[in-house]
Amino acid sequence: MSDSSTADQHHDDCWEENNASDPATTKMNPSLDIESSTSAMTATRSVQDEVSLPPTSPRNCCVKMWQYEGVPEAKGYALLAMGRGVAVMSNVVVNAALLELASEAAGCPTGDEADAADTECTGTVYGQNPLSLISNIAVVAGLLSAFFMPFIGVILDFTPYRRFVGILVAIVFTLIQATQIAIGEKTWFAMAILQSFSGFCFTIMITTTLAYLPEICEQVGRLKHARYTARFTAKQFTLQALFLILLSIISFAFGISSDSTKTARLSQALNVGIITILFGLGWRIMPSRHATRELPMGLSRCQILLYGLRQNIRTAVSIHREYKKGLRWYLSATMFAQSSVGALTTVSVVYLSSEVGLNATDITLFFLIVLTGTIPGARLASVISKRVNPNTSWQLAMLSLFAVMVVGALTLGNIPNKYLSLIWGFCVGVVLGWFYPTENLFFSCILPKGSEAEISGFRVYCSALLSWLPPLIFSVLVEHGVDAKWGMTLMGSFLLIAALMLRFGAGSWEEILHESGRHDDLTEVEVAPAAATQ
């Protein structure tokens, strides 16, 4: 629900007080939504500790949260992250409306009519089952992101156009969001196409802004950077929650809470107004940057575009040869686990709308409950990581999330009251709150010294590489008449594959640490991330 576990992820890159990082290699998972929200929850406690030092007035606390001590890009990053968080939640509402409109166009019952229907609808629209529409949007966005991410990295790293690219893509993204205010019976298919490009633009926005994080770390040092990233994610989560609450109140006051299309229009109107302000202020503050690296001489334009892809291939070969006990298996597991978790937001909207009967307002409430569940989940991650090593803890988190997804897929379609699905949402939030901090802790323990920036960027690329596959499988199954619950179950099985990779492929925890060269840092590394969740 927000982008990403960026705070935890890039905090891990800053092992030394002024360790230089390569911003171009720092990229982000396009599965933007739930992951960053859990990071926000994990960081909330750290922010509370920070702002409650001496007794001060609430006003001074709020002012302190916006003081970044002469680092303008830190304030700019916070504003941009808050804008992206709002956009994520609004687009969840749009997906729910698109699904309902597609179902109506196919002649399928929706809402209460769907609950009363005894048979599954076999209608199609534009040659596809309406249930596969939203998952196909995720497929297109995932493929675009996985393919173009290395090229975007080259532009950010080897040219001075980082800020220009960020501003340009933010404008395009905002225009798409504004266009989607016109969502309706005659425009829904065009809006669905725009939704795919919106997801791709979102990935570029994240990648562009994340390039500033290592530079912030260099300027302020590791400890202060940790406090800043806690502030970023806390603000992002807070605004996400406030946006959902505001949307629910206004839609109820205007009597449109049961109308997904009108709620989506309202959501996008609020979204456009908010992100225009936040993106405008954020990029006005963000400074320009010169190229951080030089390309080899004699490269043609085509070779320049392919240079980033070749860099990723070389990194993959190096990891395969030199880190056979831990890092190789961690990144392999990340490809499968993140693709499943990233698809969860998209596919859950489809399942909750079609099988459970939730409308757009109900879905906003559902995701607010998910966010709430990550608070005890982050605490659970801290407790378990003190008793077992991060590899084991992450495996348990993935197995737990797989179990929760399967139980939800097999039972939610038959519950007597649709609002019982909120219990499942809370359970999903708890496990996600355990999943992401543990994943980041695992990575921080095995990150090879001297390669922090390169490996961190490659980790994010691995997270995006298979993001299109689970929604594609879901779409194919739905198109062949397979019940949506089995598509959701199969999607969750990617987590099972990831857990089995680590269980039977990786070495012992001692072997993993010795291989990474961080055995002596074990005590410091494990205590610091765990403390952030307490």
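All values reported here derive from a predicted model rather than from experimental measurement. (Residues numbered from 1 in each chain as written. Predicted model: local features only at pLDDT ≥ 70, side-chain atom pairs only at ≥ 80, totals over all residues. Heavy atoms only, no water.)

**Observations concerning the overall build of the protein chain**
Looking only at helices and strands, the protein chain features 21 helices and 0 strands. Per-residue burial over the protein chain gives 59% buried out of 534 residues. Of the roughly 20500 Å² that the protein chain leaves accessible, carbon and sulfur atoms contribute 63%. (Helix = DSSP H or I, 4+ residues; strand = E, 2+ residues; numbered from the N terminus. Buried < 20%, exposed > 50% of the residue type's maximum accessible area, 1.4 Å probe, protein only. Areas by Shrake-Rupley, 256 points an atom, 1.4 Å probe, with all protein chains shown as cover.)

**Thoughts on helix 14 (residues 360-387)**
An α-helical turn contains 3.6 residues, so a residue and the one three or four places further along point in the same direction. Spanning 28 residues, helix 14 covers 41 Å between terminal C-alpha atoms, matching the ideal 40 Å at 1.5 Å per step. The largest bend along helix 14 reaches roughly 30° and is located at isoleucine 375, with the proline proline 376 sitting one to four residues downstream. (Expected span 1.5 Å × (residues − 1). Bend = angle between axes of the 7 residues up to and from the residue.)

**Observations regarding a nonpolar patch on the surface**
A surface patch of nonpolar side chains, about 460 Å² in accessible area, is lined by Ile155, Tyr161, Phe164, Leu168 and Val172. Broken down by element, the residue count for the nonpolar patch peaks at 3 residues, all from helix 7 (residues 162-179). Positionally, valine 172 belongs in helix 7. According to the relative accessible area criterion, valine 172 is partly exposed, its value standing at 34%. (Patch = residues over 30% accessible without salt bridge, like charges linked within 9 Å, V, L, I, M, F, W, Y side chains within 5 Å. Salt bridge = Lys/Arg side-chain N within 4 Å of Asp/Glu carboxyl O.)

**What about the packing of aromatic side chains?**
Taken as a whole and assessed by the stated rule, the structure comprises 15 aromatic pairs. These aromatic residues form a ring-pair network of at least three members: Tyr330, Trp394, Phe435, Tyr436, Phe442 and Trp509. The side chain of arginine 162 reaches across the aromatic face of tyrosine 212, ending 4.6 Å from its centre. A cation over a ring is seen here: arginine 503 above phenylalanine 504, with NZ or CZ 5.2 Å from the ring centre. (Phe/Tyr/Trp six-rings, centres within 6.5 Å; stacked < 30°, edge-to-face > 60°. Lys NZ or Arg CZ within 6 Å of the ring centre and 35° of its normal.)

**Regarding the nonpolar core**
Leu98, Leu327, Trp394, Met398, Phe435 and Leu495 are the most contacted members of the largest nonpolar core, which totals 142 residues. For this core, the element with the most residues is helix 4 (residues 72-105), which contributes 20 residues. (Core = buried A, V, L, I, M, F, W, Y, C linked by side-chain atoms within 4.5 Å.)

**Topic: the environment of methionine 191**
Here methionine 191 shows up in helix 8 (residues 188-210). On the accessibility criterion, methionine 191 (5% relative accessible area) is buried. With 15 residues separating them in the primary sequence, methionine 191 and isoleucine 176 have C-alpha atoms 8.7 Å apart. Among all residues touching methionine 191, those that are not within four sequence positions of it are Leu98, Thr179, Gln180, Ala182 and Ile183. (Contact = heavy atoms within 4.5 Å.)

**Observations regarding the packing of helix 15 (residues 390-411) against helix 19 (residues 484-504)**
Where helix 15 contacts helix 19, the axes come no closer than 9 Å and their chain directions differ by 165°. When the interaxial angle is binned, helix 15 and helix 19 end up roughly antiparallel. As for how helix 15 packs across helix 19, the hand of that crossing is left-handed. Here the residues of the contact of helix 15 with helix 19 are counted per class, giving 17 nonpolar, 5 polar and 2 charged. (Axes fitted to C-alpha atoms, helices over the stretch in contact; angles between N-to-C directions. Parallel < 35°, antiparallel > 145°, perpendicular 65-115°, else oblique. Left-handed = near helix turned anticlockwise from the far one by under 90°. Nonpolar A, V, L, I, M, F, W, Y, C, P; charged D, E, K, R; others polar.)

**A short note on the pattern of salt bridges**
Summed over the entire model, instances satisfying the criterion amount to 1 salt bridge. Taking the shortest distance from any N to any O, the salt bridge between lysine 418 and aspartate 362 comes out at 3.1 Å. Residue lysine 418 is found in the loop between helix 15 and helix 16 (421-446), and its partner aspartate 362 is found in helix 14; the two are separated by 56 residues along the sequence. Residue classification places lysine 418 among the partly exposed positions, given a relative accessible area of 21%.

**Observations concerning the packing of helix 4 against helix 6 (residues 131-158)**
Remark: helix 4 packs on helix 6, axes separated minimally by 8 Å, with the N-to-C direction vectors making an angle of 140°. On the basis of the axis angle, helix 4 is oblique to helix 6. As helix 4 packs across helix 6, the resulting crossing turns out to be right-handed. Two secondary-structure elements touch here, helix 4 through Asn95, Leu98, Leu99 and Ala102 and helix 6 through Leu131, Leu133, Ile134 and Ile137. Across the contact of helix 4 with helix 6, the residue classes tally to 7 nonpolar, 1 polar and no charged.

**Considering the side chain of serine 393**
Within the secondary structure, serine 393 is located in helix 15. Look at serine 393 and you get buried, because its relative accessible area is 0%. Of the polar contacts made by the side chain of serine 393, one reaches the side chain of tryptophan 434; its length is 3.1 Å. Not counting residues within four places of it along the chain, the set of residues in contact with serine 393 comprises Ile384, Ser385, Val388, Trp434 and Thr438. (Polar contact = N/O pair within 3.5 Å; in protein donor to acceptor, adjacent residues only side chain to side chain.)

**Considerations on the environment of asparagine 359**
Positionally, asparagine 359 belongs in the loop between helix 13 (327-356) and helix 14. Between the C-alpha atoms of asparagine 359 and aspartate 259, which are 100 residues apart in sequence, the distance is 7.3 Å. With residues near it in sequence (within four places) discarded, asparagine 359 still touches Ser257, Ser258 and Ser260.

**So, the side chain of serine 267**
Along the chain, the position of serine 267 falls in helix 11 (residues 260-285). Sequence-distant contacts of serine 267, that is, excluding residues within four places in its chain, are made with Ser90, Val93, Phe243 and Leu247.

**Some thoughts on the confidence of the model for the protein chain**
It should be kept in mind that the predicted coordinates are not to be read in detail where pLDDT is low. Confidence in the prediction of the protein chain, expressed as mean pLDDT, is 77, and 76% of residues score 70 or more. Here helix 2 (residues 33-51) stands out as the element of the protein chain with the lowest mean pLDDT, 39, in contrast to helix 11, whose mean of 94 is the highest. Long-range and interchain partners of residues 4-58, a stretch whose pLDDT sits below 50, account for 179 contacts in this model, where long-range means more than four residues apart. Of the regions scoring below 50 in pLDDT, residues 522-534 engages in 27 contacts with residues more than four places distant in sequence or in other chains. (pLDDT = per-residue confidence, 0-100.)

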